[in-house]
Amino acid sequence: MIVTKSIADRVKEMPMLSVVSTRLLELLGEDNYAIRDVVSIVENDAILTTKILRAANSVAYSPRVPITSVTAAINNMGEKVIMGIAIESCAPKVFKDPLGGYMSEAGQMWDHSLFTAIGARQLSSYTIRESSSNLAFTAGLLHDIGKSVMSVILEGNTEEMLGHIDNGEAVSFLDAEKKIAGMDHAELGYELAQHWKLPEQLAMAIRYHHHPQDVDDKYKDLVYTVHLGDILAMMAGIGTGVDGLAYSIDKTYKDYIEIEEDQLAIVVADIQEEFAKTKQAILGEEAE
Ligand SMILES: [Fe+2]
Ligand SMILES: [Fe+2]
């Protein structure tokens with residue numbers, strides 16, 4: 001892999017995730033963690049606690065009695081929503097800024113990441129081996145994180161890149177990214193994951209989300225759920241811009257995820273419903 005100086009510098013310049021988010025991500029990377037550990041991390045952060053309580057009491061969840069504790073909020077919404085709120089609030093710029101290099105509008109990256117996260121989580125109940133639904137959700141949220149840096153590099157070069165694909169010099173969008181930047185957005189995301197010291201499973205899901213067959217076997221269940229969740233998001237029209245339909249499905253997912261192709265359409269409808277609800281809970285008034 002060619003890591004150009006400028007990419008390494010850009011990665012280093014990315015602000016670190018907040019201590020609370022990093023600790024939550026670390027915890028989630030462990031096989032066995034207790035809800036009380038999640039609660040004690042969240043309660044150390046007043047802003048995050050406020051956001052979580054606001055989401056738990058929002059119309060999206062409309063609890064019968066007001067939710068006044070983090071424990072009750074987690075019981076009501078599940079850890080995945082907590083992770084969504086934590087990640088969104090520690091890196092709002094990454095998710096909400098427009099990705100100029102991908103010709104994608106503000107907010108599209110967040111929609112795509114959230115849809116993929118919910119898809120990956122749902123698909124984790126179809127994996128042949130047991131897999132963690134919370135980890136799938138978080139990996140889905142973070143899978144395209146490399147695009148935040150890649151977009152800056154591609155800005156002004158997007159036409160040239162599409163030209164590489166049109167004239168056959170590049171066989172895929174990822175290939176074209178490599179031609180321009182020396183690495184694709186998945187590899188760049190992996191560099192960011194290292195910078196942020198994310199748990200190994202998350203780093204691997206980011207690195208291999210377009211090539212799940214290449215990852216070490218022990219990560220395959222997780223990476224295939226993210227891969228398929230990503231494809232479903234793009235099929236549902238929730239992409240991140242110019243590259244929206246430029247990736248192909250890796251059919252070997254069938255060795256790890258037991259789901260018929262016609263069932264996928266039903267799963268998409270479920271994801272869409274949950275997506276609207278979760279988006280409203282996490283973004284509050286800002287959601288349409
Ligand atoms: Fe991607
Ligand atoms: Fe994606």
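Is there a simple way to explain the confidence of the model for the protein in this structure?
Low-pLDDT stretches of the model should not have their predicted coordinates read in fine detail. For the protein, per-residue confidence averages 88 on the pLDDT scale, and 96% of positions sit at 70 or higher. Mean pLDDT in the protein bottoms out at helix 7 (residues 92-96), which sits at 79, and peaks at helix 14 (residues 200-208), which reaches 96.

How should the packing of helix 10 (residues 146-154) against helix 13 (residues 185-195) be read in this particular structure?
A packed helix pair is summarised by two numbers, namely the angle formed by the two axes and the spacing between the axes. Closest axis-to-axis distance for the helix 10/helix 13 pair is 7 Å, and the angle between their directions is 120°. In terms of orientation, helix 10 lies oblique with respect to helix 13. You can see that helix 10 and helix 13 cross each other, and the crossing is right-handed. Counted together, Gly146, Lys147, Val149 and Met150 of helix 10 and His185, Ala186, Leu188, Gly189 and Leu192 of helix 13 form the full contact between these two elements. Looking at side-chain class alone, the contact of helix 10 with helix 13 contains five nonpolar, three polar and one charged residues.

Quick question: what am I supposed to make of helix 4 (residues 46-56) here?
An α-helical turn contains 3.6 residues, so any two residues separated by three or four positions project in the same direction. Of the positions making up helix 4, those classed as buried are Leu48, Ile52, Ala55 and Ala56. Here the buried residues of helix 4 occupy an arc of 100° about the axis, which is enough to place them on one side. Exposed and facing more than 90 degrees away from the buried side of helix 4 are Ala46, Ile47 and Thr50. Where helix 4 is buried, its residues touch helix 2 (19-29), helix 3 (35-43), helix 5 (70-77), helix 6 (79-90) and helix 16 (261-283).

What exactly am I supposed to notice about the environment of Thr68 here?
Mapped onto the elements of the fold, Thr68 is located in the loop between helix 4 and helix 5. Judged by local crowding, Thr68 falls into the exposed class, with 11 C-beta atoms found within 10 Å. As a C-alpha pair, Thr68 and Ala56 span twelve residues in sequence and 8.9 Å in three-dimensional space.

I keep staring at the domain arrangement of the protein and nothing clicks. Help me out?
In many reports, interface size means the accessible area that the parts give up when they come together. Under the domain assignment used here, the protein contains domain 1 (5-14 + 93-286) and domain 2 (18-90). One C-alpha centre belongs to domain 1, the other to domain 2, and the line joining them spans 24 Å. Taken together, the contacts link 19 residues of domain 1 with 19 residues of domain 2. Listed by contribution, the elements that provide at least two residues to the side of domain 1 that touches domain 2 are helix 8 (108-123), helix 9 (133-142), helix 14 and helix 16. Per-class residue counts for the side of domain 1 that touches domain 2 are ten nonpolar, six polar and three charged.

What counts and what doesn't
- Residues numbered from 1 in each chain as written.
- Chains lettered and ligands numbered in written order.
- Predicted model: local features only at pLDDT ≥ 70, side-chain atom pairs only at ≥ 80, totals over all residues.
- pLDDT = per-residue confidence, 0-100.
- Helix = DSSP H or I, 4+ residues; strand = E, 2+ residues; numbered from the N terminus.
- Axes fitted to C-alpha atoms, helices over the stretch in contact; angles between N-to-C directions.
- Parallel < 35°, antiparallel > 145°, perpendicular 65-115°, else oblique.
- Left-handed = near helix turned anticlockwise from the far one by under 90°.
- Contact = placed C-beta atoms within 7 Å.
- Nonpolar A, V, L, I, M, F, W, Y, C, P; charged D, E, K, R; others polar.
- Buried ≥ 20, exposed ≤ 12 C-beta atoms within 10 Å, placed from the backbone.
- Arc of directions from axis to C-beta.
- Domains from an automatic or database assignment.

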